[in-house]
Structures are given as structure tokens and as C-alpha cells.
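Each chain, written out:
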Amino acid sequence: MNSVVDRPPVARLGATLPQVFFEAYSRYGSYNALYRRLGIGWEPTTSDALYTRSGNIALGLRALGLKAGDRVAFYMNSDSTFVTVDMGCLIAGIVDVPIYLSQAPEAVHYVLEHCEARVLFVSNAELLSEVKPALRNLPALETIVVADGPVATAQGVTVIGLQQLEDRGAEESARDSAAARKLADRRYPDDLATIIYTSGTTGTPKGVMLTHENLCMNALYTYQETGKYRFGPDGETVLSFLPLSHVFARTMCYATLAFGTPIWFTTPDRLAEDFQHVKPTVFATVPRVLEKLYAKIVEKTEAAGGVKGKLAKWALERARTWEIGTELKGLAAVRHRAADKLVYAKWRAAMGGRVSMISAGGAALNAEIVRVFATAGIDLLQGYGLTETSPVITFNRPETNRPGWVGVPLPHIEVRIAEDGEILTRGPHVMKGYFKDPEKTAEVIDDDGWFHTGDIGEFTNGFLRITDRKKDLFKLSTGKYVMPQPIENALTTSPLVEQAVVVGNGKKYTTALIFPNPEAVRNLAHDPGLPMADLICDPAVLAAYKDVVAEANQGRSHWTCIKRFRLVPDTVSVANGLLTPTLKIKRTRVRDQFSEEIESMYVGTDCKPPVVALELPQESTHGSNAD
């Protein structure tokens, strides 16, 4: 059965993930459900193979002596094998604990020890070698399962191949062909499905306990609520490049299985190439990826010359101010068709040419990017949620897409704003709690079941808008509060800026550390061959960045504007510990590591490169602190 199906699964409460998967398998039959990169090609996994292998993995785990509720950890690539093993655990009632591959050995050890993992799945011998330093003094760990390639050894732990585990399960299945189904039938919606340790921007990771109900309702309602998602193997084509260790990617994957949609797994560094091969119609992303795509559009447009350049600049400016939902008639319709054919089609081509819908979450998204993509015929649907909420609380629907807002709640989800502006939510999406940490659970889930998100926002006419993280909000010595994210978002839309961190807590005025795009700096500099530390002091470079900051300051209350900034010839990345695996800034670490650079922006009346001062507008008596 390979067609777009008119009878999608009914989004509902009270389901388990294996139940939804088995229903989808009955509905859609055999099709290529999963694809993963294998060398220069792709390896498909059929729905038949997923059904059989996940059942055998479930039975194999039980044969190892594991019981419902036991924990197993994943140190695995985000691909079809991860999905297959995950489904096996869900069928068996065994709680899986995914670990980010970017985490330091100390953090990996903490997770393994804290969750008391009895089994560790690794993708291959290379990852096993990588994780070995974290495996000391783990009395609960009994077995390591290597998914692909040769099976290495690890001191004090039994190491087997995934095929061996499946073979053990297949023996049980040969004795009772319904054994895996019987296991799955013993699962309940409130059973624990996974523990996801939040990478966190500060402090020790917390183990978020998510149930089958949490994940099921989120996966089913989120995509069904779009109103335009085409179900079945010949409907959408999904490209996944976010880590499956994060709930955003996991939930999208569960939705594709429920809706019979093929999903292709790649990595961020191969994204541009695989856009062209897969030609997806749908993908999910974090805003930083979209900011980079948009920066490329801006960069190419500004560099274009002649008649084509003028046309490209006109089309981009038109897109920036586009009102979503505008009905085109007459000359306006003709102009739009011309712009689409000559300009916007090229933007879509960079993403394979078929993208019609993008889900974005994990951080704030500049409203301008939403309008630009909408003009090009792409519904960029920003949502909001946390790991603790499975993750989606709200999201924009195609027919009511409001740039700058994060949409309306999913069915069965309640949202309200506390007196201090914090966003609270309640419903079947809220986690069971933090593993082994009832005190921290009580801090975020009150007696009435409201989860306290830690985010500040407003809820108007059913739509939610995020203004900042409660913990990111800082107070100047003047008593004024500053929300850094809106300014940072404005800065990072420039192709000159890789990252920006706005600071000023306890200081007289707001400043920013700007981590520049090295290529852009060299293009601006008079002598691009100099070291980066010298290039950022080049007058032409500083002038260009001064213009970027001045533009970001436009329209903001006086105290929130950046008075001084400093270019930093360094990078902010997951590898150097300044970004979380979901690409959020670790503000405390940035402030600690660059404390001298920050202080340099508050010393003296005259600035010396690479510190730059800006002339700010006079403070208005009508200013607002809700910037």
C-alpha cells in the first residue's frame, strides 16, 4: 500500500507508542519507513523490518533478564538503528536513556550512574572506544550492545552485537509468534517511556521522565493539527538532522511512524548536500539553522549586481515586510509570480525545491525570517515547549501563522500567565517528574499540576508570545530590566554575526559580545591575511559591525539598546562547551570565560578596538520595560 491515505490515525489520549506503531503498520503495510546514511548511499529500513527487529530486540532484552522499568542507555548516532532499538525498548517496557554524543565523559558517567543503566547500546566500535573513559565504577552496568561492525571488549562488562541480541529474541518469537505483541499489550499510557537528561545551560543535568501518553499525544496532535500534513508513504518526505537524544526530534520521528511517512536521517554537516538528494517536503529545526540559511540569502542578495541584483534586492525587501495571509490580486499577483519564479524558487532550491512546511523550536525565532519564508511559499511554524512538556505546548498553524508568536496550545493543554509573567502549563504533556529528584520536581510542578516553565511571556486571544527566559532576564544598576534574546536574535540575522551574547547585569548600560563570521571579517578587511585578532581591529570591519548593532538597536527602549560591543575572535560551539547540544548559549560559561572582555566594555570614556561605542537615542519618558 503506497499512497496518500485518507484515514489518518485519530489523535487521542490514552495510547502507548507501540500501540500507535502497530496500528500504523496495519494501516500502511510495507514501505520504506527509515533511511540512514551508509557511505555515499542510503540504507532503507522497511516497516516490515522495523516491526520484526524491534519485536526481537524487546524479547532479547527480556532474555537478558531485564524487566519492565529497568533502564538502558543509548550512546548512538541519530539514525534508523536508534529508532529500531528505541521501539524495542518501548515494546518491552524498558526505559531508554539517550545520551548526547557531544557530552564530556564526566557528564556521560553521571547519567549512566544516576539512571543505573543495566545495558548500554552504542552504534559501533568507534563510539564504544569514545565512551570507554566514562564506564568506570558503574556497578549497575552489565552489558554493552554494539549495533554495527566488530564487537570490541570492555573491562568488567559483557559486550555483544545487536544481531546476537536479536537472535535471542527471534528464538523466543519462533516459540511464540505473538510474544512481542503480548509484551506490548502490557504497556499502559502512564508507563515511563524514556528519561531524557536535560543538557542544561547551567548546573547538573536533570532526568526528565516522560510517559507513553506524554509522547503519544504530542506526536499525534502536533502534526495532525497542521491541517495540511499528507499521511501515508506517498505523502510527505521528512528529513531529520537533529539529535534523537532530544525530545523534539524524537517526537517528530514518532509522528512519522504513526502517519506512515518516510524519514531520512542525516547530520547537520551534510545538510546542504542531503537537501538536494532527499528533497524533503517537511523538516524540523532549531532557529540557528534557519538564521544561517537566511544569512546566506541576504549575503548572496547583497553581493548580486546588475539587473538580477536589483530584482533580488526588491524581492527580498518585499519578503521582509510581507503580511502572511495577504490575498494577491491583479498587478500584485503578477509581481508575486515574477518574484517567485526568478528569486524565491532559488531560495527553495537551496533546500531541495519541495519544502512546504518547517517546524521550528528550541529557541526564539526572528519574525522577519518567518515572513521571508512565507513569501517563498514555505510555512515556517514556530512552536514552544520544553523537554519537560514532551515538548510541544503551543505552535502556529499554517492558516493562523503569526510571526513573533509561538501559536496556540495543542488540544487538552492549558496555558496561563503567572503574576510575575512566567508561563505556566498543565495537561497530559507535562512530565512525570525528575528522576530521583522529588524536591526539584516540586519546585516546577505545583500542587495544582501547573508546570512552571521558567519563561516569561504573554497570552493574548489564545496566542502565546515568549519574551525571554526568566533566568536570562538581567537588571541594570539603574533598576531597568533587559531581555537579551530579542536583541541577540536581531544581531544573528546578519551574515556578519555567528553568535551574540548581550550582557550588563548590575552595570550602568547594556553591552554585547559579538562572535563574528570569520569569512565575512576577511572580506571586509583591508589585509585579509592578518590573524583574526588583528582583523577585528580593522576600521572597515568595526564600521560594518557598528552598522549591524545600530540596526539591531532600532525601535528599542533606551536602556535595552547596546551602548558598546566587543568583537571576539573566538567561536561558540558545542565542542568548546559554550553551547548546549540544542545550540543554546551557556550564558554563565560565556560570562566566566570572557569576563575580561566584558569588563573592557565598562572601562573609561574612550573605547579602543575591538571595543566600539555607539551613540544612542535620548531616553524617552514614554519608554516601556516590556522590550
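Source: prediction; values computed, not measured. Every chain is numbered independently, its residues counted from 1 as its sequence is written. In keeping with the model being predicted, local features are shown solely for residues with a pLDDT of at least 70 and side-chain atom pairs are shown and tallied solely at 80 or more, while totals for entire chains, interfaces and linings include all residues. Each side-chain value is derived from all of the structure's non-hydrogen atoms; neither hydrogens nor water enter the calculation.

1. Quick notes on the sheet that holds strand E18 (residues 422-426)
Stated precisely, the cut-off is as follows: Strand pairing is assigned whenever DSSP detects at least two bridges linking the two strands. We count a stretch as a helix when DSSP gives it H or I for four or more residues in a row; a strand needs E for two or more, and each element gets its number in order from the N terminus. The convention used is that axes are lines fitted to C-alpha atoms, helices contributing only their stretch in contact, and that angles between N-to-C directions extend from 0 to 180 degrees.
One open sheet holds the four strands; their spatial order is E17-E18-E20-E21, and the pairing between them is antiparallel. Strand pairing shows two members of the sheet lacking a second neighbour, strand E17 (414-417) and strand E21 (463-469), which therefore form its edges. Shown here is a sheet whose adjacent strand axes are inclined to one another by a mean of 50°, direction ignored. Where E17 lies against E18, four bridges are found, and the strand directions are antiparallel.

2. Observations concerning the pattern of salt bridges
This is how the line gets drawn: The working definition used for a salt bridge is a side-chain nitrogen of Lys or Arg within 4 Å of a carboxyl oxygen of Asp or Glu. Buried means the residue's accessible area, taken with a 1.4 Å probe over protein chains only, is under 20% of the maximum for its type, while exposed means over 50%, and partly exposed covers the values in between.
Tallied over the entire structure, the rule returns 33 salt bridges. Asp70 is the salt-bridge partner of Arg118, the closest N and O atoms lying 2.7 Å from each other. Taken together, the residues span a long stretch of sequence, with Arg118 in the loop between helix H4 (105-115) and strand E5 (119-122) and Asp70 in the loop between helix H2 (47-63) and strand E3 (71-75) at a distance of 48 residues. Of the two residues, Arg118 and Asp70, neither departs from the other in class, the shared state being buried. Of the charged contacts, one joins Arg426 and Glu414 as a salt bridge, the two residues approaching to 3.0 Å between their closest N and O atoms. With Arg426 in strand E18 and Glu414 in strand E17, this residue pair connects regions lying twelve residues apart in the sequence.

3. Considerations on the packing of aromatic side chains
We apply this condition: Ring pairs shown here join Phe, Tyr and Trp side chains whose ring centres sit within 6.5 Å, with only the six-membered ring taken for Trp; geometry is labelled stacked below 30 degrees between planes, edge-to-face above 60, and tilted in between.
Inspection of every chain in the model, using the stated rule, returns 17 aromatic pairs. Arranged with centres 5.7 Å apart and planes meeting at 40°, the rings of Phe21 and Phe22 form a pair that is tilted. A single burial state applies to Phe21 and to Phe22, both of which are buried. An aromatic cluster is defined as three or more aromatic residues linked by ring pairs; in this entry it consists of Phe21, Phe22, Tyr25 and Tyr51.

4. Describing helix H14 (residues 367-375)
For an α-helix, 3.6 residues make a turn, and residues three or four places apart therefore share a direction. Operational definition: Contacts are assigned to residue pairs that have any heavy atoms within 4.5 Å of one another. Polar contacts, as used here, are pairs of N or O atoms within 3.5 Å; protein pairs need one atom able to donate a hydrogen and one able to accept it. Residues neighboring in sequence count only if both atoms are side-chain atoms.
Three or more residues of H14 are buried, namely Ala367, Ile369, Val370, Val372, Phe373 and Thr375. Where H14 is buried, its residues meet helix H11 (287-303), helix H12 (306-320), helix H13 (330-349), strand E13 (357-360) and strand E14 (379-385). N-cap assignment for H14: the residue whose side-chain oxygen lies 2.8 Å from the backbone N of Glu368 is Asn366. Positive phi appears at Gly377, one or two residues downstream of H14, with a value of about 85°.

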